[in-house]
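Survey of secondary and tertiary structure
Here are the chains, one letter per residue:
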Amino acid sequence: MPSGSKIIIVCSHLIGRARATCEFARRLVADGQNVSFVAPKRVHKHLEQLGKRIVEIDEFKLGGPTASRRSGLRDFLPSARRARLREMQAHLDIGKLEQLIETEVPDLVLIDFEMHPHIIAALGTGARVALFTDIFITRPSATSPPVHVGIVPGAGQASKVRRAWAQLWLSARKKRLKRWKSTAGADYLNLLRLMAADRKVPLNRLTTRWWWQVPFAWDGLPLLIMQGRAVDFSAPPHQNMHHVGPMVPEPTPASPEDRAVLAIAEQAKSDGKRVVYITFGSL
């Protein structure tokens, strides 16, 4: 984007993602862009160091809101379902973001890829929207198995990988049907469909339900992945997915704690043992 572009970044309550977002924003500012944040109060201290404006919004449950009460037979009526969905929508802090976008008229709105209601709201204003994440995506393919199975991709494994994806897809559909029945259709997916219809956002054209993300993945919008390409499994390239590299501050010199960890690993190696090293943000 040209220098001086106005960018609004909408961040979730996840602290690790907020820290990565702040580093990405720092690089945008260094490139001459005009950045401001929209984020829950919990992560403001991780964004304030950049010295940019932060607009507070309510904390959003990334798994989506749930119906406030159990459903009965009467709730299955279409009119009752719509009323419950609109009640759920009213509890989302969406109007503030829509008003901000319409007032500021940014060149780009960059949003956490799991904040589906906010993405739909931004698209409904006609703004240019892109998404970001700090985790790898693992798109379904014969060379990229689901991350929860013990399949190592490689020669002769394609059929096992495809079968694992099919099983995951069927499991997701069963869970979706169970949620639909328990809520009389007042579930997260139908809430998003209602929001999209109200704002004339072509949800089916911009999303896919064939990937592992719930309730869908955005494959029709640019997605910036704050990881290196090598971190993910191999998969055919996608025109809207861009690995921009890990968003961490410049490394600092090794500390005594680093040397202590290294000593433990070296001792384990000399003893013939293995070490599994896990850091914050590991998945």
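Here is what the cut-offs are and how they apply
Residues numbered from 1 in each chain as written. Predicted model: local features only at pLDDT ≥ 70, side-chain atom pairs only at ≥ 80, totals over all residues. Heavy atoms only, no water. Phe/Tyr/Trp six-rings, centres within 6.5 Å; stacked < 30°, edge-to-face > 60°. Helix = DSSP H or I, 4+ residues; strand = E, 2+ residues; numbered from the N terminus. Buried < 20%, exposed > 50% of the residue type's maximum accessible area, 1.4 Å probe, protein only. Salt bridge = Lys/Arg side-chain N within 4 Å of Asp/Glu carboxyl O. Contact = heavy atoms within 4.5 Å. Polar contact = N/O pair within 3.5 Å; in protein donor to acceptor, adjacent residues only side chain to side chain.

Attention shifts here to the packing of aromatic side chains. Counted according to the given criterion, the structure contains three aromatic pairs. An angle of 10° between the planes, with centres 4.6 Å apart, marks the rings of Trp169 and Trp210 as stacked. Linking Trp169 in helix α6 (residues 158–183) with Trp210 in the loop between β6 (207–208) and β7 (217–218), this pair joins segments that are 41 residues apart in sequence. For Trp210, a relative accessible area of 59% puts it in the exposed group. Ring centres 5.5 Å apart and planes at 90° place the aromatic pair Phe216 and Trp218 in the edge-to-face group.

The next point concerns the pattern of salt bridges. Across all of its chains, the model carries 12 salt bridges by this definition. Between Arg17 and Asp112 there is a salt bridge, with its nearest N and O atoms 2.8 Å apart. With Arg17 in helix α1 (residues 15–30) and Asp112 in strand β4 (residues 108–112), this residue pair connects regions lying 95 residues apart in the sequence. In this structure, Arg17 and Asp112 share a single accessibility class: buried. With a closest N to O distance of 2.9 Å, Arg27 and Glu23 form a salt bridge. Highlighted residues: Arg27 and Glu23, both in helix α1, separated by four residues, approximately one helical turn. Residues joined in a network through salt bridges with shared partners are Arg17, Asp112, Glu114 and Asp134.

Take the environment of Gln89 next. For Gln89, the position within the fold is in helix α3 (residues 78–90). For Gln89, a relative accessible area of 14% puts it in the buried group. Sequence separation between Gln89 and Thr125 is 36 residues; the distance between their C-alpha atoms is 17 Å. Contact partners of Gln89, with chain neighbours within four places excluded, come to Leu191, Leu194, Met195, Asp198 and Arg199. There is a polar contact of 3.2 Å between the side chain of Gln89 and the side chain of Arg199.

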